[in-house]
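Letter by letter, the chains look like this.
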Amino acid sequence: MLAVPLRRVMATLLVLAATPAVGTARADAAPIPPPKQFFGFQPGTSGKLVRFSRMEDYFKLLADRSPRVTYESLGKTTLGHDYPLMQISSPANLQRVDEILAENNRLANPRGLSEEEARDLAAKHIPVYYLEAGMHSTEVGPVQVIPDIVYRLATESSPEIKKILDKLLIVVVPAANPDGSHLVTDYFNETEGTSYTRTYPDLYHPYTGHDDNRDWLLFTQKESKLRIGVFKKYRPVVEHILHQAGSSNPRMWVPPWDDGISDARDALQMQASNELGMDIVRGLYSEDKKGVSYGNGYGIWGTADIASFETFMGSALVLFETASLRDLAYPFSSSNGKPLGNSVRSMRNLLPYDKSTWTLEQMVDYLETGVFLGLDSVAKEPERWSLDELYKVPRNAIDSTTGPWAYVLPAGQRDEFAVYDLLKVMDQSLVEIDRATAPFTAGGKAYPAGSYVLKTRQPMGAWVNQLLGNRPYPDARNCPSCPLLMPYSEATDNLPIMFGVTADPIASSFSASLERVRTLAPDAVLMPQPPAAHGAYLVEPASEGVSQFLANLQKQDVPTFRAAAGFSSNGHAFAPGTLVVPPSARARAVLEDTSKATGLAVYATDTAPQVAEFQLKPGTRVGLIRGINNQAGGWLMWQLDQHGVDYKVVSADDYPRLSALYDTILMPDGISQSRIVNGVDPSTVPERFRWARGVGQEGWDQLKQFVLDGGTMVAIGSSGDTAKALLDLPADHVMLPSPFRIPGSLMRVATSAGVPELWGMPAQWATWSEGDTGWRVTDASKAKVGTSYPNDAQPLLASGYAEGDAGLRGLADIVTFDVGQGHVMISATDLNFRTWPRAAWTVIANAIYQGPSTEVPAA
């Protein structure tokens, strides 16, 4: 490869050969200006950022004027922006994109396609290379480099570029989170020359913030759905993602990554990532790019939340993690004048960085050089990439002889809405889902008609096994006596346990009458006949979907009660917490619509149950202290919005009159006393962010008074410590001695009877833990334990990894208190972590409405 300075000179000479100032364009189009001319400065200049809106203008111009580029918007984002995508290839290839994609699909569905036939098809195939930037929007370098990369591909006539264009179809997503790229670059430019912070101060995705790529497990967000659509349509052989890491890290991380490998992953796919990474490293070293490291970071192969669905399709994952800067775009220098990063030479760091400063110019240079090295490498062997990644990876899944043959989700589960929720994840990731039309036996167990069967001998079978299987944490060590390596992200991605769903692994093949599920939808349920005037409609409390009933009934001002004890009606047993709704036309309409949306049954009785009840407060007013730039607060907003809960984010202006505004206040994980009292310094941010300013001791006291005067507080995760400090709750947060560690795992808890927040929950279930411990109640007369870690002979670990966790036994996770006239629930674990532990959502929904409710005696 040409060294970068010479490469740039050659590129300039080639462009100038066509026109004195601009690049090669369509014969009938205006010339193409280089990025520096279009934007007024070269993207990647220290202290400057191109607004993303201007980038979109430039990409559209390139598509208008170059026969090598197309531009489209895939749809609208959460904030209503376009989600741009570019196709880049030779004009001839762009004329036959549909044919290329049809060949992709044929190779990727290897049933009935011999290897010889696949080789013949691959020999002439044009594989797709996916390039992405801007997932994490404050990682600005990757987005700023895209215009130059696309310009070169659109205009240069060098042999290297011609080979890339002839041999590959390049799909470019310049910002996988367009909302964030708009917010961050607009804010940076607006605050130039002011005393304000230069980095956007709040979540750069409205719900997920920096967690947007952790949504690749469940695909909840609009952007995740659009992104997965790209992979389903294009089936790229390479997924090349540009990121940034900490300022003191290596100048660039590349594959291979650290150990910790799931047994569900395909060796060929992972080795393709390794080989491409090493080929890129060699090229970077050849161009004297110092500080590039590999092999000792980012252990992402154990779970599927980062190396996600597309890697199980066969895409080789290449992450570039370049070192970040000061205030996004300004040079970063070491405080001691020594070289940045690891200066020790090793097999994983053969060319250490030897300078004390790192600039945006250097960052985009490393990124651009690495991208073209990757493109060049794949363009040399398109047939091998097409055959291995498109054909052999799914064929290996079909031909696999390891792992379960299938997973069966029995019909008639405790929470059928959760079953539907789980199947949605599988359905949108190309999994073949079957449903039994008659009873059958598998693995020695009888299953009723209506049970779902997900076989693993299918093209996406490894993905099925990854998400439904409960495998032990890999014994990942750098040497036999070395300590166990912890995951970069989480230690489990087991969906059935997260969702509270039974998915039985079946080791061997079995016969059953099955039909393919073509359109996934909640099961149709019939509404009962209207009950008598003194009767009631009944909804069981066991489903996550009961939250939607509660929210919808509240919105329509339908009187709603909850049974304080179990009862029977028409031969059916109903559990405590059952919704009891007096009959009316409005009530029936709400219940019918919600039943259709969730697939949950509504019952009717002509005689209202003769048990004590709680009447929900009409129009319960919900406030959320979400905290500025607090991801847990964003995820909680998403859940509230999905379930239709009417809420408002609490502003600093609200504290003097909290009781007049709210009945229940939620505090997600991450809300500390300092975050409330000190907040964001209003002098450092524009007016629109000052809702998050500190409220001082006075506001802290006002929050306490809100509870004492009858308000409800729900404090999740670390916010439980804040509630304890605020109200002097009689519970101590227990810290366990080393060795104790739980890296993103699911831990068993037991449910206590008689605690309304736990209505509908099973006797035992699993809560999410990121090294969380539990509470020791110091005055049992003033507290009710909702869940605790059981003192039994079974392991506490449900899925993932836990060490030194015996000290958790007997500790409480969820505890409730009556404080003054108010009510408080705290949890030691984050019950809504990235919305993954769906089974726990019922607890939060119960807590929102239960505190403000009024007890009604059976009479």
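In short, a report on the structure. From a predicted model like this one, the values you see are computed outputs, not experimental measurements.

**A short note on the overall build of the protein**
Regarding its fold elements, the protein presents 25 helices and 37 strands. Against the globule reference of 29 Å for 859 residues, the protein gives a C-alpha radius of gyration of 29 Å, in line with a compact fold. Across its three principal directions, the C-alpha atoms of the protein cover 95 × 70 × 60 Å. Going through the 859 residues of the protein one by one, you find that 60% of them count as buried. Pairs at least 24 residues apart make up 78% of the contacts formed inside the protein by residues separated by at least 6 positions. Summing over all exposed atoms, the protein offers an accessible surface of approximately 31,300 Å²; the carbon and sulfur share of this is 51%. For the protein, the separation between the mean place of its 76 positive charges and that of its 95 negative charges on side chains is 3 Å.

**Notes on helix α10 (residues 222-234)**
Every α-helical turn comprises 3.6 residues, leaving residues that sit three or four positions apart pointing alike. With 13 residues, α10 should cover 18 Å at 1.5 Å per step; its first-to-last C-alpha distance of 19 Å lies within 8% of that length. For α10, every residue scored as buried is listed here: Glu 223, Ser 224, Leu 226, Arg 227, Ile 228, Val 230, Phe 231 and Tyr 234. With its phi angle positive at about 45 degrees, Arg 235 sits one or two positions after the end of α10.

**Side note on the nonpolar core**
Residues Leu 454 and Trp 463 are the most contacted members of the largest nonpolar core, which totals 128 residues. Top contributing element to this core by residue count: helix α15 (residues 416-427), with eight residues. For Leu 454, the contacting residues outside a window of four places in its chain are Ala 406, Tyr 407, Leu 409, Leu 423, Met 426, Val 431, Glu 432, Ile 433, Val 464 and Leu 468.

**A short note on the packing of aromatic side chains**
All chains considered together, the criterion is met by 28 aromatic pairs. Ring centres of Phe 188 and Tyr 330 lie 6.2 Å apart, and the angle between their planes is 40 degrees; this geometry places the pair in the tilted category. Highlighted residues: Phe 188 in helix α9 (residues 178-190) and Tyr 330 in the loop between β8 (316-323) and β9 (332-333), separated in sequence by 142 residues. For Tyr 330, a relative accessible area of 23% corresponds to the partly exposed category. Ring centres 5.6 Å apart and planes at 80 degrees place the aromatic pair Trp 253 and Tyr 298 in the edge-to-face group. Here the residue Trp 253 occupies a position in strand β6 (residues 252-254), and Tyr 298 occupies one in the loop between β7 (292-294) and α12 (309-313), the gap between them amounting to 45 residues. Judged by relative accessible area, Trp 253 falls into the buried class, the value being 10%. With relative accessibility at 11%, the residue Tyr 298 sits in the buried group. Sitting over the ring of Phe 41, Lys 48 keeps its end group 5.3 Å from the ring centre. In this arrangement the basic side chain of Arg 198 is found over the ring face of Phe 188, its NZ or CZ atom lying 4.0 Å from the centre.

**A few points about the environment of Ala 507**
For Ala 507, the position within the fold is in the loop between β16 (504-506) and β17 (514-516). We classify Ala 507 as exposed; its relative accessible area is 63%. For the pair formed by Ala 507 and Thr 197, sequence separation is 310 residues and the distance between their alpha carbons is 57 Å. Each residue touching Ala 507, except ones within four places of it in the same chain, is listed here: Gly 403, Pro 404 and Trp 405.

**Quick word on the state of the cysteines**
Applying the stated criterion across every chain, the model contains one disulfide. Here Cys 479 connects covalently by a disulfide to Cys 482, the sulfurs 1.9 Å from one another. On the S-S bond that ties Cys 479 to Cys 482, the torsion sits near 100 degrees, and the link is right-handed.

**Notes on the sheet that holds β8**
In space, the eight strands of this open sheet follow the order β1-β2-β4-β3-β5-β8-β6-β7, with mixed pairing throughout. Two strands lie at the open edges of the sheet, namely β1 (69-76) and β7, each paired on one side alone. Pairwise comparison of adjacent strand axes, ignoring direction, gives a mean angle of 20 degrees for this sheet. Where strand β5 (residues 238-245) meets β8, eight bridges bridge the pair, whose relative direction is parallel. The residue bridging Ile 241 from the neighbouring strand is Leu 319, located in β8. Sheet strands touched by helix α3 (residues 52-65): β1 and β2 (82-88). Its angle to β1, the strand with the most contacts, is close to 135 degrees.

**With respect to a negative patch on the surface**
On the surface, a cluster of negative charge is made up of Glu 116, Glu 117, Asp 120 and Glu 383. Glu 117 sits in the partly exposed class, given a relative accessible area of 41%.

**Comments concerning the pairing of β1**
Where β1 meets β2, six bridges bridge the pair, whose relative direction is antiparallel. Within β2, the residue paired with Glu 72 across the bridge is Leu 85. Where β1 folds back onto β2 in an antiparallel hairpin, the turn is made up of five residues, including Gly 80, whose phi is positive at roughly 90 degrees.

**With respect to the environment of Thr 70**
With respect to the element layout, Thr 70 can be found in strand β1. Separated by 755 residues in sequence, Thr 70 and Met 825 have C-alpha atoms that sit 54 Å apart. The contact partners of Thr 70, leaving out residues within four places of it in the chain, are Ala 63, Leu 85, Met 86, Gln 87 and Leu 94.

**As for the sheet that holds strand β12 (residues 434-436)**
Across the sheet, which stays open at both edges, the five strands sit in the order β16-β11-β15-β12-β17 with antiparallel pairing between neighbours. Each edge of the open sheet is held by one strand with a lone partner, namely β16 and β17. Sheet twist, expressed as the mean angle between neighbouring strand axes with direction ignored, is 30 degrees. Where β12 and strand β15 (residues 452-455) come together, two bridges link them in antiparallel fashion. Each residue of the ladder has a partner; that of Arg 435, found in β15, is Tyr 452. Each of β11 (406-409) and β15 is contacted by α15, which is oriented at about 30 degrees to β15, the strand it contacts most. Sheet strands touched by helix α16 (residues 461-468): β11 and β15. Its angle to β15, the strand with the most contacts, is close to 120 degrees.

**Brief notes about unusual backbone geometry**
Between Pro 255 and Pro 256 the backbone carries a cis peptide bond, its omega angle lying at 5 degrees. Residue position: Pro 256 is located in the loop between β6 and α11 (267-286). Despite not being glycine, Asp 288 has its phi angle at roughly 65 degrees, a positive value. Note that Asp 288 resides in the loop between α11 and β7. Positive phi values are uncommon outside glycine, yet Asp 728 reaches one of about 55 degrees. Residue Asp 728 is classed as exposed on the basis of its relative accessible area of 64%.

**Things to note about the pattern of salt bridges**
Counted by the stated rule, this structure contains 46 salt bridges. With a closest N to O distance of 3.0 Å, Arg 119 and Glu 115 form a salt bridge. On the criterion of helical spacing, the pair formed by Arg 119 and Glu 115 is a turn pair, its members being four residues apart in helix α6 (residues 115-123). Residue Arg 119 is classed as partly exposed on the basis of its relative accessible area of 38%.

Cut-offs used in this document
- Residue positions within a chain follow its written sequence, with the count starting from 1.
- This being a predicted model, a pLDDT of at least 70 is required before a residue's local features are given, and a value of 80 or more before pairs of side-chain atoms are given or counted; all residues contribute to the totals for chains, interfaces and linings.
- Only hydrogens and water are removed before side-chain values are computed, so all heavy atoms of the structure are retained for them.
- Secondary structure counts use DSSP, requiring at least four H or I residues in a row for a helix and at least two E residues in a row for a strand, with both numbered from the N terminus.
- Each radius of gyration reported is based on C-alpha atoms, and the globular scaling rule is 2.2 Å times the count of residues to the power 0.38.
- Exposed residues in this analysis have more than 50% of their type's maximum accessible area, buried residues have under 20%, and partly exposed residues fall in between, with area computed by a 1.4 Å probe over protein chains only.
- The contact rule is simple, with two residues in contact once any of their heavy atoms fall within 4.5 Å.
- To measure how exposed things are, a 1.4 Å probe is used in the Shrake-Rupley method; for residues, cover is taken only from the protein chains shown.
- Positive residues here are Lys and Arg, negative ones are Asp and Glu, while His and the chain termini are left out of the count.
- In plain terms, the charge of a residue is placed at NZ if it is Lys, CZ if Arg, CG if Asp and CD if Glu.
- An expected span of 1.5 Å times one less than the residue number is assigned to each helix.
- For our purposes a nonpolar core is just a set of buried Ala, Val, Leu, Ile, Met, Phe, Trp, Tyr and Cys residues, chained together by side-chain atoms within 4.5 Å.
- Between rings of Phe, Tyr and Trp, where Trp is taken as its six-membered ring, a pair exists when centres lie within 6.5 Å; planes separated by under 30 degrees are stacked, by over 60 edge-to-face, and by other angles tilted.
- Each ring is checked for a lysine NZ or an arginine CZ that lies within 6 Å of its centre and within 35 degrees of its normal; such an atom marks a charge sitting over the ring.
- When two cysteine sulfur atoms lie within 2.5 Å, the pair is treated as a disulfide.
- Strand pairing requires that DSSP identify at least two bridges connecting the strands.
- Only the contacting stretch of a helix is used when fitting its axis, a line to C-alpha atoms as for every element, and angles between N-to-C directions run 0 to 180 degrees.
- Patch definition: residues above 30% relative accessible area lacking any salt bridge, with like charges linked at up to 9 Å and the nonpolar side chains Val, Leu, Ile, Met, Phe, Trp and Tyr linked at up to 5 Å.
- Counted as salt bridges are all cases of a side-chain nitrogen of Lys or Arg within 4 Å of a carboxyl oxygen of Asp or Glu.

By themselves these figures say nothing about function.
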